[in-house]
Amino acid sequence: YCWCTGPLDLEAMAEAAMSLDRKALDYSTFSMGTPEPDYHGEVEKTVGLAVREDGPDRALVVVSCDRFLYRMVRRIVGALAEA
């Protein structure tokens, strides 16, 4: 997925990502609608999260999890971009 935005502060994004990386947290805030436990699993998830430069004016955000909530990754990336 590619999202065009203005200038990014990669250092701030990476710092924000580290504050979430590999911590068991309730990610329902980053979702839309009501999660279905049989499909999405629990709302408390441990997410792997990293940000790195991917060329001039580009960032690559790597997100890993056993099961994602609806629109969870888009909202995490949006929050990181605003960091």
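Right above here is the structure, for reference.
Calculation criteria
- Residues numbered from 1 in each chain as written.
- Predicted model: local features only at pLDDT ≥ 70, side-chain atom pairs only at ≥ 80, totals over all residues.
- Heavy atoms only, no water.
- Helix = DSSP H or I, 4+ residues; strand = E, 2+ residues; numbered from the N terminus.
- Buried < 20%, exposed > 50% of the residue type's maximum accessible area, 1.4 Å probe, protein only.
- Contact = heavy atoms within 4.5 Å.
- Areas by Shrake-Rupley, 256 points an atom, 1.4 Å probe, with all protein chains shown as cover.
- Lys, Arg positive; Asp, Glu negative; His and termini not counted.
- Charge placed at Lys NZ, Arg CZ, Asp CG, Glu CD.
- Salt bridge = Lys/Arg side-chain N within 4 Å of Asp/Glu carboxyl O.
- Phe/Tyr/Trp six-rings, centres within 6.5 Å; stacked < 30°, edge-to-face > 60°.

A short note on the overall build of the chain
Counting its regular elements, the chain contains three helices and four strands. When the helices and strands of the chain are listed from N to C terminus, the series reads α-β-α-β-β-β-α. If one aligns the C-alpha atoms of the chain with their principal axes, the spans along those axes are about 40 × 25 × 15 Å. Per-residue burial for the chain yields a buried fraction of 24% across its 83 residues. Partitioning the contacts of the chain with sequence separation of at least 6, the portion at a separation of at least 24 is 59%. Entry remark: accessible area of the chain is about 5,900 Å², with carbon and sulfur atoms responsible for 50%. Separation between the mean location of the 9 positive side-chain charges and that of the 14 negative ones in the chain comes to 5 Å.

What about the pattern of salt bridges?
Summed over all chains, the structure comprises two salt bridges. In this structure, the salt-bridge partner of Arg 22 is Asp 21, at a minimum N-O distance of 3.9 Å. By relative accessible area, which is 66% here, Arg 22 ends up exposed. In this structure, Arg 58 engages Asp 54 in a salt bridge whose closest nitrogen and oxygen atoms are separated by 3.4 Å.

Side note on the packing of aromatic side chains
Taken as a whole and judged by the stated rule, the model has one aromatic pair. On the numbers, 5.8 Å between centres and 40° between planes, the contact of Tyr 27 with Phe 30 is tilted. Tyr 27 gets classed as buried once you look at its relative accessible area, which sits at 1%.

Describing unusual backbone geometry
Peptide bonds are, in most cases, trans, and in most cases residues other than glycine have a negative phi. Of note in this structure, Arg 22 is not a glycine but carries a positive phi near 60°. Within the secondary structure layout, Arg 22 lies in the loop between α1 (10-20) and β1 (24-26). Located in the positive-phi region is Arg 71, a residue other than glycine, with phi close to 60°. Its place among the elements puts Arg 71 in the loop between β4 (59-64) and α3 (72-81).

Here's the deal with the environment of Cys 65
Within the secondary structure, Cys 65 sits in the loop between β4 and α3. Between the alpha carbons of Cys 65 and Gly 48 there is a distance of 6.4 Å; along the sequence they are 17 residues apart. In contact with Cys 65, other than residues within four places in its own chain, are Lys 45, Thr 46, Val 47 and Met 72.

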